[in-house]
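Observations on chain architecture
Each chain is listed here by its residues.
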Amino acid sequence: MSQGQTEAGREREAPRPVMLVGFQNQGNLGLGYLASVLRQHGHPVRVVDIEQDPETILQIALETGPVLVGFSLIFQFFVHRYAALLRMLRSRGVGCHFTMGGHCPTVSYTPLLGLIPELDSIVRFEGEVTLTELADAISAGTEWRGTRGIAYRGPDGIIATPARPLVEDLDQLPYPDRDYEPRAVLGRSMMPIVASRGCAKTCSFCSIHTFYRGAPGRIVRTRRPAEVVREMRVLHEERGITIFLFQDDDFPLVGPVWRRWAGEFVDELHRSGLPGKVIWKMNCRADSVERDLFVKLRDAGLYLVYMGLESGSEQSLSTLDKRVSVDQNLRAVSLLKDIGLMWEYGFMLLDPSSTFESVRDNLRFLRSILADGCLPVTFCRMLPYDGTPIRDELARAGRLLGDLSSPDYEFLDSRLSEFHEGLRSTVDLDAWIHGLEAVAQHLGCAWHEVAVIERLFPPLPGMRSYREELRRITRRSNDLLLDVVEDLSCVYSDGRESRWDPAVVEGGRRRVVCDLLDARDAFVFGHQDILLEALGIEMVASAADEPEATPPTAAP
Ligand code: B12
Ligand code: SF4
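Now for a quick tour of the structure. Quick caveat: nothing in here was measured; it's all calculated off a predicted structure.

Definitions and limits used
- Residues numbered from 1 in each chain as written.
- Chains lettered and ligands numbered in written order.
- Predicted model: local features only at pLDDT ≥ 70, side-chain atom pairs only at ≥ 80, totals over all residues.
- Heavy atoms only, no water.
- Helix = DSSP H or I, 4+ residues; strand = E, 2+ residues; numbered from the N terminus.
- Rg over C-alpha atoms; globule rule 2.2 N^0.38 Å.
- Contact = heavy atoms within 4.5 Å.
- Areas by Shrake-Rupley, 256 points an atom, 1.4 Å probe, with all protein chains shown as cover.
- Lys, Arg positive; Asp, Glu negative; His and termini not counted.
- Charge placed at Lys NZ, Arg CZ, Asp CG, Glu CD.
- Near = heavy atom within 4 Å.
- Polar contact = N/O pair within 3.5 Å; in protein donor to acceptor, adjacent residues only side chain to side chain.
- Nonpolar A, V, L, I, M, F, W, Y, C, P; charged D, E, K, R; others polar.
- Buried < 20%, exposed > 50% of the residue type's maximum accessible area, 1.4 Å probe, protein only.
- Arc of directions from axis to C-beta.
- Right-handed = clockwise from strand over helix to strand, strands pointing away.
- Pairing = 2+ DSSP bridges.
- Axes fitted to C-alpha atoms, helices over the stretch in contact; angles between N-to-C directions.
- Phe/Tyr/Trp six-rings, centres within 6.5 Å; stacked < 30°, edge-to-face > 60°.
- Expected span 1.5 Å × (residues − 1).
- Core = buried A, V, L, I, M, F, W, Y, C linked by side-chain atoms within 4.5 Å.
- Salt bridge = Lys/Arg side-chain N within 4 Å of Asp/Glu carboxyl O.

The next point concerns the overall build of the protein. Across its full length, the protein holds 21 helices and 18 strands. Here the C-alpha atoms of the protein give a radius of gyration of 25 Å, agreeing with the 24 Å that 2.2 N^0.38 yields for 556 residues. Considering only contacts in the protein between residues 6 or more positions apart, those separated by 24 or more positions represent 74%. Of the roughly 23,300 Å² of accessible surface on the protein, a fraction of 51% belongs to carbon and sulfur atoms. Once the 62 positive and 79 negative side-chain charges of the protein are each reduced to a mean point, those two points are 2 Å apart.

Moving on: the site of ligand 1. Around ligand 1 there are 31 residues in total, and Phe 23, Ser 72, Gln 76, Glu 128 and Asp 249 lie nearest to it. Contact distances for ligand 1 include 3.5 Å between an oxygen atom and a backbone N or O atom of Ile 74. A distance of 3.5 Å separates a nitrogen atom of ligand 1 from a polar atom in the backbone of Gly 102. Among the secondary structure elements, those contributing two or more residues to the shell around ligand 1 are helix H2 (29-40), strand S3 (68-72), helix H7 (128-140) and helix H8 (208-213). Of the residues contributing to the shell around ligand 1, the split by class is 14 nonpolar, 13 polar and 4 charged.

Now for the site of ligand 2. Every residue close to ligand 2 is listed here: Cys 199, Lys 201, Cys 203, Phe 205, Cys 206, Ile 208, His 209, Asp 249, Arg 285 and Lys 322. Per-class residue counts for the shell around ligand 2 are 5 nonpolar, 1 polar and 4 charged.

Another point: helix H3 (residues 54-64). Residues of H3 that are buried: Ile 57, Leu 58, Ile 60 and Ala 61. What you see down the axis of H3 is that its buried residues fit within an arc of 160°, all on one side. In the core, the buried residues of H3 are packed alongside strand S1 (18-22), strand S2 (45-49) and helix H4 (79-91). The first or second residue beyond H3 is Gly 65, which carries a positive phi of 55°.

The element strand S13 (residues 279-284) is extensively covered by neighbouring structure, given that 6 of its 6 residues are classed as buried. Once the chain exits strand S12 (residues 241-246) it traverses helix H10 (residues 255-272) before rejoining the sheet at S13, and the crossover so formed is right-handed. As paired elements, S13 and strand S14 (residues 302-310) share 5 bridges and run parallel to each other. Within S14, the residue paired with Met 282 across the bridge is Val 305.

Let us now look at the sheet that holds strand S7 (residues 157-160). The strand order across the open sheet formed by 7 strands is S2-S1-S3-S4-S5-S6-S7, and the pairing between neighbours is mixed. Because the sheet does not close on itself, it has two edges, and the strands there are S2 and S7. Along the sheet, successive strands turn relative to each other by an average axial angle of 25°, direction set aside. Bridge count between strand S4 (residues 97-101) and strand S5 (residues 121-123): 2 bridges; the pairing is parallel. In the sheet register, Met 100 faces S5, and the bridge partner there is Ile 122. Of the strands in this sheet, S1, S2 and S3 are in contact with H2, which crosses S1 at around 175°.

This part is about the packing of aromatic side chains. In this structure the tally under the stated criterion is 24 aromatic pairs. Relative to Tyr 82, the ring of Phe 71 has its centre 6.4 Å away and its plane inclined at 80°; by these criteria the two rings are edge-to-face. Linking Phe 71 in strand S3 with Tyr 82 in helix H4, this pair joins segments that are 11 residues apart in sequence. By relative accessible area, which is 2% here, Phe 71 ends up buried. Aromatic ring contacts, followed pair by pair, group Phe 246, Phe 251, Trp 261, Phe 265 and Trp 280 into a single cluster.

This next bit is on H4. With 13 residues, H4 should reach 18 Å at 1.5 Å per residue; the first-to-last C-alpha distance of 18 Å fits that figure. Of all the positions in H4, only Val 79, Tyr 82, Ala 83, Leu 85, Leu 86, Met 88 and Leu 89 are classed as buried. Positive backbone phi, at 105°, marks Gly 93, one or two positions downstream of H4.

With respect to burial, S4 is a largely interior element, 5 of its 5 residues being buried. Side chains His 97, Thr 99 and Gly 101 of S4 all project onto a buried face; the interleaved residues Phe 98 and Met 100 project onto the opposite face, where all are buried too. Bridge count for S3 against S4 is 5 bridges, and the pairing is parallel. For Val 69, the partnering residue across the bridge sits in S4 and is Phe 98. What joins S3 to S4 is H4, and the crossover it makes is right-handed.

All right, on to the sheet that holds strand S9 (residues 188-193) then. Overall, mixed pairing links the 7 strands, which are arranged S8-S9-S12-S13-S14-S15-S16 in an open sheet. The strands lining the two open edges of the sheet, one partner per strand, are strand S8 (183-185) and strand S16 (380-381). In this sheet, strand S15 (residues 342-350) lies alongside S14 in parallel orientation, the contact comprising 6 bridges. Within the sheet, the bridge partner assigned to Val 305 lies in S15 and is Trp 343. Packed onto the sheet, helix H9 (residues 225-239) meets S9, S12 and S13 and runs at close to 145° relative to S12. Here helix H13 (residues 326-338) sits on the sheet and contacts S14 and S15; the angle it forms with S14, its principal contact strand, is near 165°.

Here we come to the side chain of Ser 207. Its place among the elements puts Ser 207 in the loop between strand S10 (196-197) and H8. Since its relative accessible area comes to 13%, Ser 207 is described here as buried. Here Ser 207 is in contact with His 103, Asp 386, Gly 387 and Thr 388, once residues within four sequence places are set aside.

The next subject is the nonpolar core. Residues Met 232, Phe 246, Trp 280, Phe 294, Met 307, Trp 343 and Phe 379 are the most contacted members of the largest nonpolar core, which totals 116 residues. A per-element tally of this core places helix H19 (residues 463-494) first, with 11 residues. For Phe 379, the residues in contact, after removing those within four places along its chain, are Phe 347, Leu 349, Leu 366, Leu 423, Leu 429, Ile 433, His 434, Leu 481 and Val 485. Membership of the second largest hydrophobic core comes to 33 residues, among which are Met 19, Ile 57, Phe 78 and Val 94.

It is worth spelling out the pattern of salt bridges at this point. Overall, the coordinates contain 43 salt bridges when judged by the stated rule. Two residues, Glu 51 and Arg 81, come together in a salt bridge whose shortest N-O distance is 2.4 Å. You can see Glu 51 sitting in the loop between S2 and H3 and its partner Arg 81 sitting in helix H4, a full 30 residues away along the chain. Judged by its relative accessible area of 34%, Arg 81 falls in the partly exposed class. For Asp 361, the salt bridge is made with Arg 364, and the minimal N-O distance between the two is 2.5 Å. Placement of the pair is Asp 361 and Arg 364 together in helix H14 (residues 356-370), with a separation of 3 residues, close to one helical turn.

Right, dumping it as structure tokens:
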């Protein structure tokens, strides 16, 4: 399909809308791009958050009468929730075409079409062009089964049409639809954005590289730096966005070509005058962190670096095929601390090659990078997602357990399963790490606020002692959690008696949350006037400098 209007799109009159359903927390760029491309081709679009009550989603479907509903399944563990929603919509009279897209549907279209009989098709790989052609065909009442890049049930089984090439030039896509209220930190609004798509690495636990490698075309595509900065500028001026969250799989930094790209991006940012007014976050690998480059990025507004550190055990890093050493992980963390950049990390305490020794290596690693109380402890257990090399390896070895919504595996040492169970019954991991109200989330938010205040607000009196207070609370929380995990690892490896009562652990957690909220509220509300004034000053300044700009409106 060309980037312009398609044949079917031109002929349509008053087309019925396309409805897109997905997880909208922090804004969903996938759905945003799909919506903007569909609109560009003449399809009205209604984007619906899957977090809404199913009855509300049903009402929207009945009222809008879509020609097609597209479901975005980017989190595999939601599969049963999606299946139940599709069943309900179909049984309550929504008769239009149902399709689904995302990484998991792309790689596991056969089991998904089996599991969700209400699905008419699955869109594989990047969906912009395929979904538009599908919507064109269905709206025009023509045959849709020939559409490239889809899978559907044929008379003799599942049929997958040839994969559609990846979008060659990302700058040819319109900006993603962002028709929602941005989230804000202390009145500073945030939006997701991408500078590239794809990843050149091949970590064994990750489905991103298999997703992009399955379709023809260049795996990693970068946008033109000037175009990325233009999008940031538009969002800053028209929506008052001051915090940009780059959701690239791996921000382009390493090697001569991407190094040049990063240099041009920094130059463009300075030319645009955005540094000082906006800040941005990105995801990268630990082996990309290098002093000179990161100082330049920091000075151009980079304030937060997310790294998938994954493990503090050489053996696990090798199983995960991360191609980064423990030393590189440690160096990256210490360099970022040294140049005053906030960082966050992904970490897997357990993986299929785990031993009690690797668990202890991991705990030692976490204690060492977090010794100063700079961030909360966070970890998970590696899950063998569909489309990952490690999942296939576990299946070959007969160690794969669970199903699509909760894939799992057998450890080589069965005592590790008992350890994990014991850990879960002693520590409420949702309340500590994974849940929306978890102590790690609260601590992470407090530290994030500090980073935002330091970059986007005038200096606040007492910041140094607030930081110290936060460090003390974070250290206390980390020490408790790491002590429990370490002791339990000894309980299950050496048959030692457990000294932890779940109620005591929970009591410790609650005290951390209370102390944190008290300290945070005292500091932020104690400086409310300065924070509000800073937002007000910016409004006046931007109105004077840039008459057409819309100022941020949210207050702390
Ligand atoms: C941003 C992001 C988040 C954000 C926001 C998510 C959102 N609302 O969009 C936040 C921070 C909230 C988040 C949270 C989590 N995330 Co996350 N996240 C991402 C990330 C980095 C980028 C997503 C993105 O914007 N991509 C850019 C867009 C343009 O691409 P896209 O989403 O793939 O969409 C394209 C295609 O897939 C396709 N498509 C997608 N949907 C549809 C629908 C239709 C109808 C069609 C036709 C096509 C289609 O077309 C799109 C355009 O080309 C991805 C990694 C990744 N590369 O996808 C992980 C990722 C999706 N997250 C992941 C995970 C595990 C999580 C967490 C569980 C992490 C955690 N431990 O807490 C949580 C879960 C949250 C929850 N609900 O419980 C995993 C999911 C793995 C899986 N197989 O299930 C991913 C893939 C990262 C990874 N490899 O581990 N995440
Ligand atoms: S984990 Fe990160 S670096 Fe590894 S393949 Fe996935 S996106 Fe790339």
